Amino acid sequence: MSTSTWLEVALNGPWGRARQPNIPLTVDAIVAEGVACAEAGAAIVHVHAYDTQSGRQHDDWQTYARIIEGVRARVDAIVYPTIPFPGALGDASTMTGAERYGHTAELAKRGLLEWSVVDPGSCNIVGDEEVAGDAPGLLYVNPDEHIRAGMALAANHGFHPGFAIYEPGFLRLGAAYEARYRDAPPAVYRFMFSDAYRFGFPPRVWALDAYLALLAECRPGAPWMVAGLRVDVSPLTAAVVARGGHVRVGLEDAPHGDARSNLDWVNAARAAIEGAGGALADAPTVRAALAQVDKGVPPVA
């Protein structure tokens, strides 16, 4: 069991203000909220960069660099970016792996990355409203070539891959990629729950335990956390703390139209973690814990 709980805040996500009115979009606003959340106990800050004129995600490495350096100039936190997704200004479905991870490569070359997103699988992200209205959902596309591009960068530059586990198969495939790219630092497995979308599992303790049983079989000892989209994972907090896991909150993950701020989510998560008997880890503690993770995954046959 972990001796402390990592708290991550995902500040904005790809939604735009039509779906999530309170997200920060400008560099200054993102930095300010990242700093405030880190000071409140979030050791890890996840961000999406935006084109402020269009109000849409725009994965420009220079914008990410300004955000990362801006937060780190004021607090010690692990700050990491996302990757393009279908519908963003760079449509992932038409990109090569090198193109999709171009901004990641530039940040890594400059020593600005400790973690980055490498999601090991593709899935449909569809809500009840799309089903009822015969409207299209989102196909979240991560071809093999893209995953390999991300893992190769992690191996070459020494950053931790962050695996968002939308479906159980993502976990199995992520473990296989860890075994293949043995020079990459250990990955962090983030179990993605949702109430409103129909991927994966809802936020239930039985679902958490199912993921943990699979993780123990495929990648024993790997660090893990709970998160999701359009969801409140706080009912899982006591189980997460008891089982040695970690927690992500924030307006990327929250139900759409949520009235709370990122700082509200962090303060509530901190109270829930401490109420469950946990203690928050700071960024140096997270780094030290990751340095102790056993990378003894079996080789791919």
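Look up: the structure comes first, before these words.
Rules of the game
Residues numbered from 1 in each chain as written. Predicted model: local features only at pLDDT ≥ 70, side-chain atom pairs only at ≥ 80, totals over all residues. Heavy atoms only, no water. Phe/Tyr/Trp six-rings, centres within 6.5 Å; stacked < 30°, edge-to-face > 60°. Helix = DSSP H or I, 4+ residues; strand = E, 2+ residues; numbered from the N terminus. Buried < 20%, exposed > 50% of the residue type's maximum accessible area, 1.4 Å probe, protein only. Core = buried A, V, L, I, M, F, W, Y, C linked by side-chain atoms within 4.5 Å. Contact = heavy atoms within 4.5 Å. Disulfide = S-S within 2.5 Å.

Q: In this structure, what is going on with the packing of aromatic side chains? I would like to understand it.
A: Any two aromatic rings considered together are summarised by their centre-to-centre distance and by the angle between their planes. This structure, assessed with the given rule, holds 13 aromatic pairs. Relative to F199, the ring of Y166 has its centre 5.0 Å away and its plane inclined at 70 degrees; by these criteria the two rings are edge-to-face. Of this pair, Y166 sits in the loop between β9 (160–165) and α7 (168–180) while F199 sits in the loop between β10 (188–193) and α8 (205–218); the two residues are 33 residues apart in sequence, bridging distant segments of the chain. For the pair Y166 and F199, one class covers both residues: buried.

Q: Help me understand the nonpolar core, please; the structure alone is not making it clear to me.
A: It is characteristic of soluble globular proteins that their nonpolar side chains tend to be buried jointly. Counting residues in each nonpolar core, the largest one holds 103 residues, and the members touching the most others are Y166, Y189 and F191. Ranked by the residues each element gives to this core, the list is headed by α8, at 7 residues. When residues no more than four places from it in sequence are discounted, the contact partners of Y166 are D119, C123, I125, Y140, M192, F199, G200, Y211 and L229.

Q: Could you clarify how one ought to interpret the side chain of T5 in this entry?
A: Of note, T5 is situated in the segment before β1 (7–10). With residues near it in sequence (within four places) discarded, T5 still touches V241, G245, H246, V247, I273, G278, A279, L280 and A281.

Q: Looking at this model, I keep getting lost on unusual backbone geometry. Mind explaining?
A: Glycine aside, negative phi is the norm for most residues, and most peptide bonds take the trans geometry. Backbone geometry places D134, a non-glycine residue, at a positive phi of 50 degrees. Relative to the helices and strands, D134 is located in the loop between α5 (128–132) and β8 (138–140). Residues other than glycine seldom take positive phi values, yet R230 does so here, at roughly 50 degrees. With respect to the helices, strands and loops of the structure, R230 is situated in the loop between β11 (224–228) and α9 (237–243).

Q: Looking at this structure, how should I read the state of the cysteines?
A: Applying the stated rule across the entire model yields 0 disulfides. C218 carries a free sulfur, and the closest cysteine sulfur to it, the one in C123, is 18 Å from it.

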